[in-house]
Amino acid sequence: MSTAKTAPQYHTWWYAKTKFDKESEKWVLNKDKLEIDIIEFLDWLYLEGYRYTKIYDNGILFRVTQNRILEEIETAQVRQFVIQWIDALPPDIICNDRRGELEMEVPRKLLKETIVKGVNYFFDTKKLEACLGPKETFTMCADTRTTKYAYFLNGYLHINTKGIEFCNYNELPGYIWASEIIQHSFNMALAKDAKDEGQVKRFFQFVANGAMPPNPTDKQLQDRAIRFADLCTIAGYLCHSFNRYKLKAILLTDARMSEGNEPNGRSGKTLFMRLVGGFICADPTQPGQKTFVEIAGKNFDPSDKFRYDKAAHETKIICLNDVKRYFKTEWLFNDITDGLEVNKKNQQPFMLLVKMAVLSNLPIDLAGDSNLDRFLVFEFSEYFNRYHDPAKEFGNMFLSEQWSQKDWNQYYYFLAQCVRTFFNDGCQLPQPAQINYQRRNLVEVVGRDLLDFIENEWRPVNREFYNVKTMYNQFVQSYPDNVKLKQSKFTMCIQKYMKDSGKYEPYTEANNFQRDADGNRSICFISNKNPLD
């Protein structure tokens, strides 16, 4: 035992317990027991960057690291930090009594045992909340209407209408969440290779337009350029983490017409969204990712209050991947424009406004102004399919270790250019030309047999009335596989055809329906003055 006041080279928040020795009539140190000063312990955690605050009435732990980066953590990670810090101490550590009069060395194992035995006490949520509340103000770095930030390990991209600039973190105008940092370093020299446009740009060209036709006309080249630019603008919109303008959900589907209208898929929709997600988060392929959240569309239940429980306060994009047949767009109306409610078990719900994308292998009915106001459709070409995927086309897996540093940098720079395209378009989404969407939707809702019957056998004359029962019987006779189709459903499908084919004016009782004296119902088609091609 020593009474020398040797200052340790580490922060101390533990003390030796003392006991009164009757023989010497002095207070002596108890070598077998330590006590922890809980206030000094929590003050030390604060100095190490740990904070506890509430966001949307839910408590969160986070750590302030270098370069203004905030890392959200769990209590278990704080415990792990403390244990690892203790393990890094010398085998014997200095220990004083509370009065600072006595000093001795004790094995660090004793300190570790003391923490472990009292783990529930030392890391109690109420104590963390009371002592780790931030004393500083955290102004978060956020995208503005005409500015986008993309964060990397070695700095960040500052994107606006004037250009794309790579900056050091000491120039960052606010704090960011660690989950927003892309886990790669950025190199502008590798990114800007004038001789090589990069794999991701070529992928965008393929999914937007398919293969280049032989000897393309000027009109074909112009149409391809417009469609490619539209897809780039959509990507830029999704990457732009700013929501104070008109928001729309992006509906990605396939252009390919298939026999029986069975689902196609494998056209590159999921990869496209993960490429977008990879520009705003650490790793878009990881299920635990919070900035970019992918939800299995087939399991999406609008009545489930926990349907968005994967989302967090830093979520920027939610992607419903491969939604089920007969997905109802009205399920998302309020979520798109007003924000969605995130419910997590044992936590207070909170509202979140995000960009949304819906991926479907089948067309979704977008009838009505409410749908047109909230959804934008883009059809992916037939270039990629189950037999020819991007890995076969490019000779490597996207977003994997098979990519070179040049591939990664060209990818990030191309997405930055997409954001600039969106800015230069005045932050306005395009209206991409439809390829087969309207026709595929008719096949899905009306049925291929009835379409074939109306267009190739019935061939209705403009404004001529036809007896509904007669036409129904003729249809069933020509297409006996539809014998179970009810006449009422037959009539509804005809009305749907009038509305969505683009060839006729929408059905109304006043103009398209009449009933004779015997109660027989008749229907007529009225040609559209401006038919859609």
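Residues numbered from 1 in each chain as written. Predicted model: local features only at pLDDT ≥ 70, side-chain atom pairs only at ≥ 80, totals over all residues. Heavy atoms only, no water.

### Regarding the overall build of the chain
Convention followed: Each helix is a run of DSSP H or I of at least 4 residues and each strand a run of E of at least 2, with the numbering of both proceeding from the N terminus. Our radius of gyration is a C-alpha quantity, and the globule rule it is checked against amounts to 2.2 Å times the number of residues to the power 0.38. Note on exposure labels: buried denotes an accessible area under 20% of the residue type's maximum, exposed denotes more than 50%, and partly exposed covers the range between, all computed with a 1.4 Å probe on protein chains only. Contacts are assigned to residue pairs with any non-hydrogen atoms lying within 4.5 Å of each other. For every accessible area listed, the method is Shrake-Rupley and the probe measures 1.4 Å; residues are considered covered only by the protein chains on display. Counted charges follow a simple rule, with Lys and Arg positive, Asp and Glu negative, and His plus the chain ends left uncounted. Think of each charge as sitting on NZ of Lys, CZ of Arg, CG of Asp or CD of Glu.
Each helix and strand counted, the chain has 18 helices and 21 strands in total. The C-alpha radius of gyration computed for the chain amounts to 32 Å, which surpasses the reference 24 Å derived for 533 residues by more than 25%, pointing to a less compact arrangement than a globule. Overall size of the chain, expressed as C-alpha extent along the three principal axes, is 120 × 60 × 40 Å. Per-residue burial for the chain yields a buried fraction of 48% across its 533 residues. Restricting to contacts in the chain with at least 6 residues of sequence separation, those with at least 24 account for 70%. Accessible surface, the chain: about 27,300 Å² in total, of which carbon and sulfur atoms supply 46%. Here the chain contributes 70 positive and 70 negative side-chain charges, whose respective centroids are spaced 1 Å apart.

### Concerning the pairing of strand β8 (residues 147-152)
We apply this condition: Strands are treated as partners if at least two bridges between them are detected by DSSP.
The buried fraction of β8 amounts to 6 of the 6 residues, a majority that puts the element mostly inside the structure. Pairing analysis gives 6 bridges linking β8 to strand β9 (residues 155-160), with the strands arranged antiparallel. In the strand pairing of β9, Y151 is matched with Y156. Where β8 folds back onto β9 in an antiparallel hairpin, the turn is made up of 2 residues.

### Some points on helix α13 (residues 405-424)
Rules: Helix span is expected to be 1.5 Å times the residue number reduced by one.
Over its 20 residues, α13 runs 29 Å from end to end, which matches the ideal 28 Å to within 8%, given 1.5 Å per residue. Of all 20 residues that make up α13, 14 are buried, and the element is covered over most of its length. Phi turns positive one or two residues past the end of α13, at G426, with a value near 75°.

### What to know about helix α9 (residues 269-277)
For α9, a buried count of 7 out of 9 residues is recorded, marking the element as mostly surrounded by other parts of the structure. Burial in α9 covers these residues: K269, L271, F272, M273, L275, V276 and G277.

### Section: the nonpolar core
Worth spelling out the cut-off: What is meant by a nonpolar core is a set of buried Ala, Val, Leu, Ile, Met, Phe, Trp, Tyr and Cys residues, joined one to another through side-chain atoms within 4.5 Å.
One finds F203, F204, F272, M273 and L275 to be the most contacted residues of the largest nonpolar core, which totals 62 residues. Not counting residues within four places of it along the chain, the set of residues in contact with M273 comprises L238, L252, F292, I317, C319, A357 and L359. The next biggest cluster of nonpolar side chains, apart from the first, holds 32 residues, and it includes W13, W14, F81 and F122.

### As for the environment of Q205
Within the secondary structure layout, Q205 lies in helix α7 (residues 199-209). What makes Q205 partly exposed here is its relative accessible area of 24%. Distance from Q205 to W177, taken between C-alpha atoms, is 33 Å for residues 28 residues apart in sequence. When sequence neighbours within four positions are dropped, the list of residues in contact with Q205 reads E197, G210 and F228.

### As for the state of the cysteines
The condition is simple: In what follows, a disulfide is any cysteine sulfur pair within 2.5 Å.
Overall, the coordinates contain 0 disulfides when judged by the stated rule. Cysteine C167 is unpaired, with the sulfur of C141 as its nearest cysteine sulfur at 10 Å. Cysteine C427 is unpaired, with the sulfur of C239 as its nearest cysteine sulfur at 13 Å. Residue classification places C427 among the buried residues on the basis of a relative accessible area of 10%.

### A short note on the packing of aromatic side chains
Worth spelling out the cut-off: Put simply, two rings from Phe, Tyr or Trp (the six-membered ring, in Trp's case) pair if the centres are within 6.5 Å, and we call them stacked under 30 degrees between planes, edge-to-face over 60, tilted for the rest. Cation placement over rings: the criterion is NZ of Lys or CZ of Arg within 6 Å of the ring centroid and within 35° of the ring normal.
As enumerated under the stated definition, the model contains 59 aromatic pairs in all. Ring centres of Y245 and F422 lie 5.8 Å apart, and the angle between their planes is 75°; this geometry places the pair in the edge-to-face category. Of this pair, Y245 sits in the loop between α8 (218-239) and β12 (249-254) while F422 sits in helix α13, and the two are 177 residues apart along the sequence. Comparing Y245 with F422 shows no difference in burial state: the two are buried. Here Y472 and F490 contribute two aromatic rings whose centre-to-centre distance is 5.5 Å and whose plane-to-plane angle is 70°, an arrangement assigned as edge-to-face. Note that Y472 is positioned in helix α16 (residues 468-478) and F490 in helix α17 (residues 487-500), a separation of 18 residues in sequence. Above the ring of Y46, the side-chain terminus of R51 is found at 3.5 Å from the ring centroid. Its end group placed over the ring of F333, R374 keeps NZ or CZ at 4.5 Å from the ring centre.

### Notes on the sheet that holds strand β4 (residues 58-65)
In plain terms, the rule: Axes here mean lines fitted to C-alpha atoms, for a helix over just the part in contact, with angles spanning 0 to 180 degrees between N-to-C directions.
The 4 strands are arranged β3-β4-β5-β11 in an open sheet whose pairing can be described as mixed. Edge positions in the sheet fall to β3 (50-55) and β11 (176-177), since each of these pairs with one other strand and no more. Direction of pairing for β3 relative to β4: antiparallel, over a ladder of 6 bridges. Pairing of Y52 across the sheet is with L61, part of β4. Its contacts with the sheet place helix α2 (residues 75-87) against β3, β4 and β5 (69-73), and it is angled at close to 105° to β5.

### A look at the pairing of strand β14 (residues 317-321)
Most of β14 sits inside the fold, with 5 of its 5 residues counted as buried. Burial along β14 is two-sided: the residues I317, C319 and N321 and I318 and L320 are all buried. Pairing of strand β13 (residues 292-296) with β14, which is carried by 5 bridges, proceeds in the parallel orientation. Looking at β14, one finds that F292 is bridged to I317. Where β14 lies against strand β17 (residues 355-359), 4 bridges are found, and the strand directions are parallel. Bridging from a neighbouring strand, I317 pairs with K355 of β17.

### As for the confidence of the model for the chain
In plain terms, the rule: Summary of the metric used: pLDDT quantifies the predictor's per-residue confidence within the range 0 to 100.
Averaged over every residue, the pLDDT of the chain is 90; the share at 70 or more is 95%. The low-confidence segment residues 1-7 (pLDDT under 50) makes 12 contacts with residues lying over four places distant or belonging to another chain.

### Quick notes on the side chain of T291
Basically, it comes down to this: Polar contacts, as used here, are pairs of N or O atoms within 3.5 Å; protein pairs need one atom able to donate a hydrogen and one able to accept it. Residues neighboring in sequence count only if both atoms are side-chain atoms.
Relative to the assigned elements, T291 resides in the loop between α9 and β13. A polar contact of 3.3 Å, which involves the side chain of T291, links it to the backbone oxygen of S179. Once residues lying within four places of it in the same chain are set aside, the contact partners of T291 are S179, E180, I280, C281, E314, T315, K316 and I317.

### Describing the pattern of salt bridges
What counts is decided by this rule: Within this document, salt bridges are pairs made up of a side-chain nitrogen of Lys or Arg and a carboxyl oxygen of Asp or Glu, the two lying within 4 Å of each other.
Inspection of the entire model under this criterion finds 22 salt bridges. As a salt-bridge pair, D124 and K127 come within 3.9 Å of each other at their nearest N and O atoms. Notably, a salt bridge pairs K298 with D322, separated by 3.7 Å at the nearest N-O pair. In this pair, K298 sits in the loop between β13 and β14 while D322 sits in the loop between β14 and α10 (333-337), placing the two residues 24 residues apart along the sequence. Here the residues in one salt-bridge network are D365, K496, K499 and D500, joined through shared partners.

### Examining the packing of α2 against helix α3 (residues 108-117)
Counted only if it meets this: Orientation categories follow fixed angle ranges, with anything under 35 degrees roughly parallel, anything over 145 roughly antiparallel, 65 to 115 roughly perpendicular, and all other angles oblique. Crossing handedness follows the turn of the near helix against the far one: under a right angle anticlockwise gives a left-handed crossing, and clockwise gives a right-handed one. Put simply, Ala, Val, Leu, Ile, Met, Phe, Trp, Tyr, Cys and Pro go in the nonpolar bin, Asp, Glu, Lys and Arg in the charged bin, and everything else, Gly too, in the polar bin.
The N-to-C vectors of α2 and α3 enclose an angle of 170°; their axes lie 9 Å apart at closest approach. The angle between α2 and α3 falls in the class roughly antiparallel. Every pair of crossing elements has a handedness; the one defined by α2 and α3 is right-handed. Residues V82, I83, I86 and D87 of α2 form the contact with α3, whose participating residues are R108, L111, K112, I115 and V116. For the contact of α2 with α3, the per-class residue count stands at 6 nonpolar, no polar and 3 charged.

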